[in-house]
Amino acid sequence: MKEYDLIVIGTGSGMNYVNSMISTNPKIKIAVIDKDEPGGICLTRGCIPSKLLLYPAEVVREIERAGKFGIDVQVKNIDFNFVMERMRTLISKNIKMVGIGLSGNPNIDYYHDVAEFVAPYTMKAGNETIT
């Protein structure tokens with residue numbers, strides 16, 4: 001059974017503590033467990049994807065207001081598939097970078113699996129039991 005100084009479930013905002021803990025204690029050993037893609041809900045399905053989808057809508061609104069400045073323009077087409085693919089591509093790059101950071105850090109063992117408490121101070125990450 002592997003032993004850790006800290007076990008973090010999820011790779012979202014809880015990761016903010018991981019970097020500061022590593023910087024103050026370079027010998028710390030941390031397990032990070034996440035059943036989803038690394039980066040947390042904000043990166044993978046929430047805040048960031050939403051903003052990447054809302055920004056093109058804001059641009060369209062600004063274009064529609066251009067007449068107030070004497071600019072004669074119109075939006076002829078919005079390629080929603082392009083907007084979605086742009087969002088997915090940018091998110092995918094960020095997810096990959098988070099994964100590289102987790103896998104490449106000697107202080108961190110990253111488990112891309114489900115976390116489950118099995119006893120006090122003891123968890124299962126996939127088939128591995130850790131404490």
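Everything below is about the structure shown above.
Note that the structure is a prediction, hence the values are computed from the model and not measured. Starting afresh in each chain, residues are numbered from 1 along the sequence in its written order. Where totals are concerned, whole chains, interfaces and linings use all residues; where local detail is concerned, this predicted model gives features only for residues with pLDDT of at least 70, and gives and counts side-chain atom pairs only at 80 or more. Calculated side-chain values reflect all of the structure's heavy atoms, with hydrogen atoms and water omitted.

Enquirer: Could you give an account of the sheet that holds strand S5 (residues 122-125), naming the residues involved and the relevant values?
Expert: Strand order in this open sheet of 3 strands is S4-S5-S6, and the pairing throughout is antiparallel. Two strands bound the open sheet, and with one partner strand each, they are strand S4 (115-119) and strand S6 (128-130). Strand after strand, the sheet turns through a mean of 30 degrees between neighbouring axes, direction not considered. Of the strand pairs in this sheet, S5 and S6 are connected by 3 bridges, and their pairing is antiparallel. From the neighbouring strand, Lys-124 faces S6, where its bridge partner is Thr-129. Two strands are counted as paired when DSSP detects at least two bridges linking them. For helices the rule is a DSSP run of H or I covering at least 4 residues; for strands it is a run of E covering at least 2, with both sets numbered from the N terminus onward. Here the axes come from fitting lines to C-alpha atoms, over the contacting stretch only for helices, and the angles between their N-to-C directions go from 0 to 180 degrees.

Enquirer: Let's hear about unusual backbone geometry: which residues, and what values?
Expert: The backbone of Tyr-121 shows a phi angle near 65 degrees, a positive value even though the residue is not glycine. Within the secondary structure layout, Tyr-121 lies in the loop between S4 and S5. Residue exposure (1.4 Å probe, protein chains only): buried if accessible area is under 20% of the type maximum, exposed if over 50%, otherwise partly exposed. Tyr-121 sits in the exposed class, given a relative accessible area of 75%.

Enquirer: Please provide a residue-by-residue account of the nonpolar core, values included.
Expert: Nonpolar core, defined: a set of buried Ala, Val, Leu, Ile, Met, Phe, Trp, Tyr and Cys residues in which side-chain atoms within 4.5 Å join the residues together. The biggest cluster of nonpolar side chains holds 9 residues, and these are Val-8, Met-15, Val-18, Ile-22, Ile-28, Ile-30, Val-32, Leu-102 and Ile-108. Per-element accounting of this core gives the leading share, 3 residues, to helix H1 (residues 15-24). Note on contacts: a residue pair qualifies if any of its non-hydrogen atoms lie within 4.5 Å across the two residues. Dropping the residues within four chain positions of it, Ile-22 is found in contact with Ile-28, Ile-30, Asn-105, Asn-107 and Ile-108. Judged by nonpolar contacts, the second largest core, of 7 residues, contains Ile-33, Met-123, Ala-125 and Ile-130.

Enquirer: Residue-level account of the sheet that holds strand S2 (residues 30-33), with values.
Expert: Spatial ordering of the open sheet is given by S1-S2-S3, a layout of 3 strands whose pairing is parallel. Two strands close off the open sheet at either side, each with one partner strand: strand S1 (6-9) and strand S3 (108-111). For this sheet, the mean inter-axis angle between neighbouring strands, taken without regard to orientation, is 15 degrees. As paired strands, S2 and S3 are joined by 4 bridges and run parallel to one another. Looking at S3, one finds that Ala-31 is bridged to Asp-109.

In short, geometric facts, not functional conclusions.
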